[in-house]
Number of protein chains: 2
Amino acid sequence: MPRPPLARERVLDAFEDILVHDGERAATLEAVAKAAGVSKGGLLYHFASKEELAAGILDRLEEQMRLDEERMATAPEGPVAYFIRTSVMTDDPLDRVIVATSRLAQGGHSPSVEALSGIRKRWAAGIRPHVRDQAALDLVLLVSDGLYFNNALTPVTTGVSATVPTGAALDALIELVLRAAT
Amino acid sequence: MPRPPLARERVLDAFEDILVHDGERAATLEAVAKAAGVSKGGLLYHFASKEELAAGILDRLEEQMRLDEERMATAPEGPVAYFIRTSVMTDDPLDRVIVATSRLAQGGHSPSVEALSGIRKRWAAGIRPHVRDQAALDLVLLVSDGLYFNNALTPVTTGVSATVPTGAALDALIELVLRAAT
DNA sequence: GTCTATATAGCGATAGAC
DNA sequence: GTCTATCGCTATATAGAC
């Protein structure tokens, strides 16, 4: 794989970051260029349009998703517990790129909607063999969706923090889901 | 209560509709005016700014939420089952206004984020007495969030429909949640 | 490979006629 | 109460110098 230019990666990092922290509307070419330390023209040399910028995010999503599928399949605590636990945002590369993609999706970017739908199907495929039935699978997926949704709801510096279980409360939730679903 | 002008309600209906079906970015003053059958100037007579338009949505949310609190408290199948079941979008006034509000929230509109956080607290208060413990409450709320999220993910006409349980699958899910949480 | 300058279009909002 | 016309701003994208 040929090494991509550093500036290109910096631009993509900045785009992802602004999507996650400030929302889709704030991720203008100017804001991204400034955060990446280049000019608008410089940015557009690497990504000829905003659409290409979004495609860069979807490439990252695919890359991180592949890594996660391996990790989930080999997790010591089992795929289901791993899946629920990693649905709480921990600022790792997969979480960041998923939230960035869901911002694009909610901004009306169809390829992002399809990509999210696709990774959800792949998670379902990884979990199905480890749960009792379809209702159990639905339960696990929906709890995960709920966790992501709450984390993704607050794009702007609103001061409102999502009330999602962490620490001991998360452990208790995982135990409850495992008891119900497996 | 004084009867509000009909045109005003039509404008608010159009705003809500475009938010739900096409996303926040598509809900421009021009698009809303056109859908409501008035001019931009005519719209701005009733709502002096886009902020007032958003405030109109939040007023509707409060109104519909109050009605739902009563229905949930008196539901024959119990508050928990009622809550989960009504989390699947059925195109009723509450569902529409919640999705519209979540579009505004994800567009960075702070009052909408706070409003959603507020109604989630009120649901929690209504459900807490009917579930076993905190983990059970978290489970119920997160499944509901997950259902809403999946329904709300598709703003644009993408052709991708969310794979959320309905019919018999929804009944099975509700039974599973009830067994785990109560 | 990165810059400045600019073209083009669409947004929210105002002004004033009717 | 509703309209048309227009202002000021910001967005994406292009052109061409360096």
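Small disclaimer: the values here were computed from a predicted structure and weren't measured.

1. Topic: the overall build of chain A
Broken down by element type, chain A carries 9 helices and 0 strands. Written out in order from the N terminus, the α and β elements of chain A read α-α-α-α-α-α-α-α-α. Computed over its C-alpha atoms, the radius of gyration of chain A comes to 18 Å, within 12% of the 16 Å expected for a compact globule of 182 residues. Seen through its principal axes, chain A has C-alpha atoms that stretch 55 × 40 × 25 Å. When burial is assessed residue by residue, chain A has 52% of its 182 residues classed as buried. Counting contacts in chain A only where the partners sit at least 6 residues apart, residues at least 24 apart contribute 69% of the total. When the accessible area of chain A is evaluated, it comes to approximately 8200 Å², of which 56% is carbon and sulfur surface. Each charge class in chain A was averaged separately, 19 positive and 25 negative side chains, and the resulting centres sit 2 Å apart.

2. What to know about the pattern of salt bridges
This model, assessed by the stated rule, comprises 30 salt bridges over all chains. Linking A:Arg25 and B:Glu24 is a salt bridge whose minimum nitrogen-to-oxygen distance equals 2.3 Å. Of this pair, A:Arg25 sits in the loop between helix H1 (6-22) and helix H2 (29-36) while B:Glu24 sits in the loop between helix H1 (6-22) and helix H2 (29-36), each in a different chain. Note on A:Arg25: relative accessible area 42%, which makes it partly exposed. With a shortest N-O distance of 3.0 Å, B:Arg122 and B:Glu62 are connected by a salt bridge. You can see B:Arg122 sitting in helix H7 (residues 110-127) and its partner B:Glu62 sitting in helix H4 (residues 50-73), a full 60 residues away along the chain.

3. Points about the environment of B:Leu137
Residues and elements named next belong to chain B. Take Leu 137: it is sitting in helix H8 (residues 134-152). For Leu 137 and Val 80, which are 57 residues apart along the polypeptide, the C-alpha to C-alpha distance reads 9.6 Å. Discounting residues that sit within four places of it in the chain, Leu 137 has contacts with Ala 124, Ile 127, Arg 128 and Val 131.

4. Observations concerning the protein's contact with DNA strand C
Around DNA strand C lies a shell of 14 residues, among which A:Ser39, A:Tyr45, A:His46, B:Leu29 and B:Lys50 are the nearest. Among atoms of DNA strand C positioned within 4 Å of the protein, sugar and phosphate together represent 64%. A:Ser39 places a polar main-chain atom, nitrogen or oxygen, 2.6 Å from a phosphate oxygen of DNA strand C. Elements that contribute at least two residues to the surface near DNA strand C include exactly helix H3 (40-46) of chain A together with H2 and helix H3 (40-46) of chain B. Looking at which element gives the most residues to the surface near DNA strand C, the answer is H3(A), with 4 residues. Across the surface near DNA strand C, the residue classes tally to 5 nonpolar, 6 polar and 3 charged.

5. Some remarks on the protein's contact with DNA strand D
Around DNA strand D sit 13 residues in total, of which A:Lys40, A:Lys50, B:Ser39, B:Tyr45 and B:His46 are the nearest. The sugar-phosphate portion of DNA strand D accounts for 62% of its atoms within 4 Å of the protein, the bases making up the rest. A:Lys50 places a main-chain nitrogen or oxygen 2.8 Å from a phosphate oxygen of DNA strand D. Within the backbone of B:Ser39, an N or O atom sits 2.6 Å from a phosphate oxygen of DNA strand D. Elements that contribute at least two residues to the surface near DNA strand D include exactly H3 of chain A together with H3 of chain B. The element best represented in the surface near DNA strand D is H3(B), accounting for 4 residues. Counted by class, the surface near DNA strand D contains 5 nonpolar, 6 polar and 2 charged residues.

6. Considering helix H9 (residues 167-181) of chain A
An ideal rise of 1.5 Å per residue puts 21 Å on 15 residues; H9(A) measures up with 21 Å between its terminal C-alpha atoms. For H9(A), every residue scored as buried is listed here: A:Leu170, A:Leu173, A:Ile174, A:Leu176, A:Val177, A:Ala180 and A:Ala181. When H9(A) is viewed along its axis, its buried side chains cluster within an angular range of 165 degrees and face the same direction. Within H9(A), the exposed residues directed more than 90 degrees away from the buried face are A:Ala168, A:Glu175 and A:Arg179. Among the structural elements, helix H5 (79-85) and helix H8 (134-152) of chain A together with H8 and helix H9 (167-181) of chain B are those in contact with the buried residues of H9(A).

7. Some thoughts on the domain arrangement of chain A
Residue and element names in this part refer to chain A. Domain boundaries assigned for chain A yield domain 1 (1-48) and domain 2 (62-181). Counting from both sides, the interface comprises 8 residues of domain 1 and, opposite them, 9 residues of domain 2. For the pair domain 1 and domain 2, the two sides together bury roughly 800 Å², of which 62% comes from carbon and sulfur. Taken together, domain 1 and domain 2 are joined by 1 salt bridge. Note that Glu 16 and Arg 96 form a salt bridge whose closest N and O atoms lie 3.4 Å from each other.

8. What to know about unusual backbone geometry
The backbone of A:Asp91 shows a phi angle near 60 degrees, a positive value even though the residue is not glycine. Topologically, A:Asp91 is positioned in the loop between H5 and helix H6 (93-106).

9. Description of the interface of chain B and chain A
Contacts between chain B and chain A engage 40 residues on the former and 41 residues on the latter. Buried surface at the junction of chain B and chain A, both sides included, amounts to about 3700 Å², of which 68% is carbon and sulfur. The largest per-residue losses of area from chain B upon contact with chain A belong to B:Arg25, B:Gln106 and B:Leu142, which jointly make up 19% of the total buried on that side. Inspection of the region where chain B meets chain A yields 2 salt bridges.

Conventions adopted
- Residues numbered from 1 in each chain as written.
- Chains lettered and ligands numbered in written order.
- Predicted model: local features only at pLDDT ≥ 70, side-chain atom pairs only at ≥ 80, totals over all residues.
- Heavy atoms only, no water.
- Helix = DSSP H or I, 4+ residues; strand = E, 2+ residues; numbered from the N terminus.
- Rg over C-alpha atoms; globule rule 2.2 N^0.38 Å.
- Buried < 20%, exposed > 50% of the residue type's maximum accessible area, 1.4 Å probe, protein only.
- Contact = heavy atoms within 4.5 Å.
- Areas by Shrake-Rupley, 256 points an atom, 1.4 Å probe, with all protein chains shown as cover.
- Lys, Arg positive; Asp, Glu negative; His and termini not counted.
- Charge placed at Lys NZ, Arg CZ, Asp CG, Glu CD.
- Salt bridge = Lys/Arg side-chain N within 4 Å of Asp/Glu carboxyl O.
- Near = heavy atom within 4 Å.
- Polar contact = N/O pair within 3.5 Å; in protein donor to acceptor, adjacent residues only side chain to side chain.
- Nonpolar A, V, L, I, M, F, W, Y, C, P; charged D, E, K, R; others polar.
- Expected span 1.5 Å × (residues − 1).
- Arc of directions from axis to C-beta.
- Domains from an automatic or database assignment.
- Buried area = accessible area lost by both parts, 1.4 Å probe.

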